[in-house]
Protein chains: 2
Amino acid sequence: MGTEIERKFLVRNDDWRKAANEGRSIRQGYLSSNAKATVRVRTWDDEKAAITLKGKSVGATRAEFEYEIPIDDARELLKLSRPHTIEKRRHELEFGGLTWEIDVFEGRHEGLIIAEVELEHEDQAVEMPSWIGEEVTLDDRYFNASLSRSDGVPPADTDAS
Amino acid sequence: MGTEIERKFLVRNDDWRKAANEGRSIRQGYLSSNAKATVRVRTWDDEKAAITLKGKSVGATRAEFEYEIPIDDARELLKLSRPHTIEKRRHELEFGGLTWEIDVFEGRHEGLIIAEVELEHEDQAVEMPSWIGEEVTLDDRYFNASLSRSDGVPPADTDAS
């Protein structure tokens, strides 16, 4: 059981790469993404796997329950979730006392990069790295469950850098 | 990982009670029941809990993945599944070398009793107890996920006993 509080941003440039680790390859699919709950299957480097159940978002906050499962189960469950799978490489870096995760999307979402930071509470102060762009926390086009149903990268807002 | 092969029947009378155990109280809710997969949260006697992911049925067969989870998580997840929860008492008995499960529904489905038997393969011979009524294996009104969305007991077919 847990609660996830997370802010999400587009990135302005590649400066984050200097501080980031090599990252891990993520494949994930959705068995459900309705009003009540999202059910996600995810594998890391095709070695480790989990299913994650998330409640409806309220602002940047949502209930989250994650359970590790056997990788063989995950491969079967990803087949059930087809064609709604997402592939991305997740890099991590430390900045301002927080861990930032930078997701570099692959396949049909190639070109999309999203930086996420997980917080203890919604109004926590966050020191922004210089490469951080527009915040998309509340923009449901950038929810991974939405991306899983889309054919490409959402068009950037015209006022975004 | 597993495959579930299961046949389901209505019951003609209460004769099954003589051979059945006291059973366990089950509460279950659905976080998803779409074309791809059903995601169920279930508790037994409010002590043990699991989430179960099932693929689409093909005849009496479907993929099934079940993972035990903490009871506290299950209580929270059942809240997310509201109002689509089902309460029933599941009794078991042995007959003809097979284990029969008899679900006695409670609450808004009171009056409904369904007997299930799990098989090794679809064309396995099954010795039918005398109290077995109409088969409802393929009748989606009796899928628990359908019942979770309904307000009562499905009307019996007019040619049913």
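So, how was this worked out
Residues numbered from 1 in each chain as written. Chains lettered and ligands numbered in written order. Predicted model: local features only at pLDDT ≥ 70, side-chain atom pairs only at ≥ 80, totals over all residues. Heavy atoms only, no water. Helix = DSSP H or I, 4+ residues; strand = E, 2+ residues; numbered from the N terminus. Rg over C-alpha atoms; globule rule 2.2 N^0.38 Å. Buried < 20%, exposed > 50% of the residue type's maximum accessible area, 1.4 Å probe, protein only. Areas by Shrake-Rupley, 256 points an atom, 1.4 Å probe, with all protein chains shown as cover. Lys, Arg positive; Asp, Glu negative; His and termini not counted. Charge placed at Lys NZ, Arg CZ, Asp CG, Glu CD. Contact = heavy atoms within 4.5 Å. Buried area = accessible area lost by both parts, 1.4 Å probe. Salt bridge = Lys/Arg side-chain N within 4 Å of Asp/Glu carboxyl O. Nonpolar A, V, L, I, M, F, W, Y, C, P; charged D, E, K, R; others polar. Polar contact = N/O pair within 3.5 Å; in protein donor to acceptor, adjacent residues only side chain to side chain. Least-squares fit on C-alpha atoms with pLDDT ≥ 70 in both. Arc of directions from axis to C-beta. Phe/Tyr/Trp six-rings, centres within 6.5 Å; stacked < 30°, edge-to-face > 60°. Lys NZ or Arg CZ within 6 Å of the ring centre and 35° of its normal. Core = buried A, V, L, I, M, F, W, Y, C linked by side-chain atoms within 4.5 Å.

Going by what an unreviewed UniProt entry lists, chain A is known as CYTH domain-containing protein and is assigned to Devosia rhizoryzae.

Chemist: Let's hear about the overall build of chain A: which residues, and what values?
Modeler: Secondary structure assignment for chain A yields two helices and nine strands. Its helices and strands taken in sequence order, chain A reads β-β-β-β-β-α-β-β-β-β-α from the N to the C terminus. Its C-alpha radius of gyration of 15 Å places chain A within 12% of the 15 Å reference for a compact globule of 161 residues. Along the first, second and third principal axes, the C-alpha atoms of chain A reach 40 × 30 × 30 Å. A total of 161 residues make up chain A; the buried ones form 51% of that total. Of the accessible surface of chain A, which amounts to about 8000 Å², a share of 45% is contributed by carbon and sulfur atoms. The centroid of the 23 positive side-chain charges in chain A is displaced by 5 Å from the centroid of its 34 negative side-chain charges.

Chemist: Tell me about unusual backbone geometry, and please be specific about residues and values.
Modeler: All names here are of chain A. Non-glycine residue Asp45 carries a positive phi angle of around 50°. What makes Asp45 partly exposed here is its relative accessible area of 33%. Phi angles above zero are rare outside glycine, and Asp46 is one such case at about 50°. Position of Asp46 relative to the elements: it lies in the loop between strand E3 (37-44) and strand E4 (48-55). Accessibility expressed as a relative area gives 43% for Asp46, which makes it partly exposed.

Chemist: Any details on the interface of chain B and chain A? Residues and values, ideally.
Modeler: Contact with chain B, which involves 22 residues of that partner, is made by 22 residues of chain A. When chain B packs against chain A, close to 1900 Å² is buried across both sides, 69% of that on carbon and sulfur atoms. At the junction of chain B with chain A, the criterion picks out zero salt bridges. Broken down by secondary-structure element, the contributors of at least two residues to the side of chain B that touches chain A are strand E2 (24-33), strand E3 (37-44), strand E4 (48-55), strand E5 (61-69) and helix H1 (71-81) of chain B. Examining the composition of the side of chain B that touches chain A, we find that five residues originate from one element, H1 of chain B, more than from any other. The residue inventory of the side of chain B that touches chain A, partitioned by class, reads 13 nonpolar, five polar and four charged.

Chemist: Before we move on, could you go through the side chain of Arg40 of chain A and cite the residues and values that matter?
Modeler: Residues and elements named next belong to chain A. Within the element layout of this structure, Arg40 appears in strand E3. A relative accessible area of 6% places Arg40 in the buried class. Of note is the side chain of Arg40, whose polar atom sits 3.3 Å from the side chain of Glu66. In contact with Arg40, not counting residues within four places along its chain, are Gln28, Gly29, Tyr30, Ala50, Ile51, Thr52, Lys54 and Glu66.

Chemist: Talk me through the relation of the copies chain B and chain A; I want residue IDs and the actual numbers.
Modeler: Each copy of the chain is related to the other by a rotation around an axis and a translation along that axis. Between chain B and chain A, the superposition needs a rotation of 180° and an axial shift of 0.0 Å, giving an RMSD of 0.0 Å. The superposition operator between the copies reduces to a two-fold rotation axis. In terms of C-alpha distance to the rotation axis, chain B has Ser32 of chain B as its closest residue, with the C-alpha 2.9 Å off the axis. In this assembly, 100% of the residues forming the interface of chain B have copies in chain A that are likewise at the interface, indicating an isologous arrangement.

Chemist: Would you mind going over helix H1 (residues 71-81) of chain A in detail, with residue names and values included?
Modeler: For H1 of chain A, every residue scored as buried is listed here: Ile71, Asp73, Ala74, Leu77, Leu78 and Ser81 of chain A. Buried positions in H1 of chain A, seen along its axis, are confined to an arc of 140° and lie on one side of it.

Chemist: Requested: an account of the pattern of salt bridges, with residues and values cited.
Modeler: Residues and elements named next belong to chain B. Applying the stated criterion across every chain yields a total of 28 salt bridges over all chains. Arg75 serves as the salt-bridge partner of Asp46, at 3.2 Å between the closest nitrogen and oxygen. Taken together, the positions of Asp46 in the loop between E3 and E4 and Arg75 in helix H1 put the pair 29 residues apart, joining distant regions of the chain.

Chemist: Account for the packing of aromatic side chains, with residues named and values stated.
Modeler: All names here are of chain A. Counted according to the given criterion, the structure contains four aromatic pairs over all chains. Ring centres of Trp100 and Trp131 lie 5.9 Å apart, and the angle between their planes is 75°; this geometry places the pair in the edge-to-face category. Here Trp131 lies in the loop between strand E8 (113-118) and strand E9 (132-135) and Trp100 lies in strand E7 (residues 98-105), a separation of 31 residues in the sequence. Per residue, the accessibility class of Trp100 equals that of Trp131, and both read buried. Connected via pairs of aromatic rings, a cluster forms that spans Phe9, Trp100 and Trp131. One residue, Lys48, lies across the ring of Trp44, its end atom 4.8 Å from the ring centre.

Chemist: Describe the nonpolar core, listing the residues and the values that go with them.
Modeler: Among the nonpolar cores identified, the biggest contains 28 residues, and Ile51, Leu53 and Leu77 of chain A together with Ile51, Leu53 and Leu77 of chain B are the most heavily contacted of them. The set of elements that each furnish at least two residues to this core consists of E3, E4, strand E5 (61-69) and H1 of chain A together with E3, E4, E5 and H1 of chain B. The contact partners of Leu77 of chain A, leaving out residues within four places of it in the chain, are Leu31, Val41, Ile51 and Ile69 of chain A together with Leu53, Phe65 and Tyr67 of chain B. Judged by nonpolar contacts, the second largest core, of 18 residues, contains Val11, Ala60, Ala115 and Trp131 of chain A.

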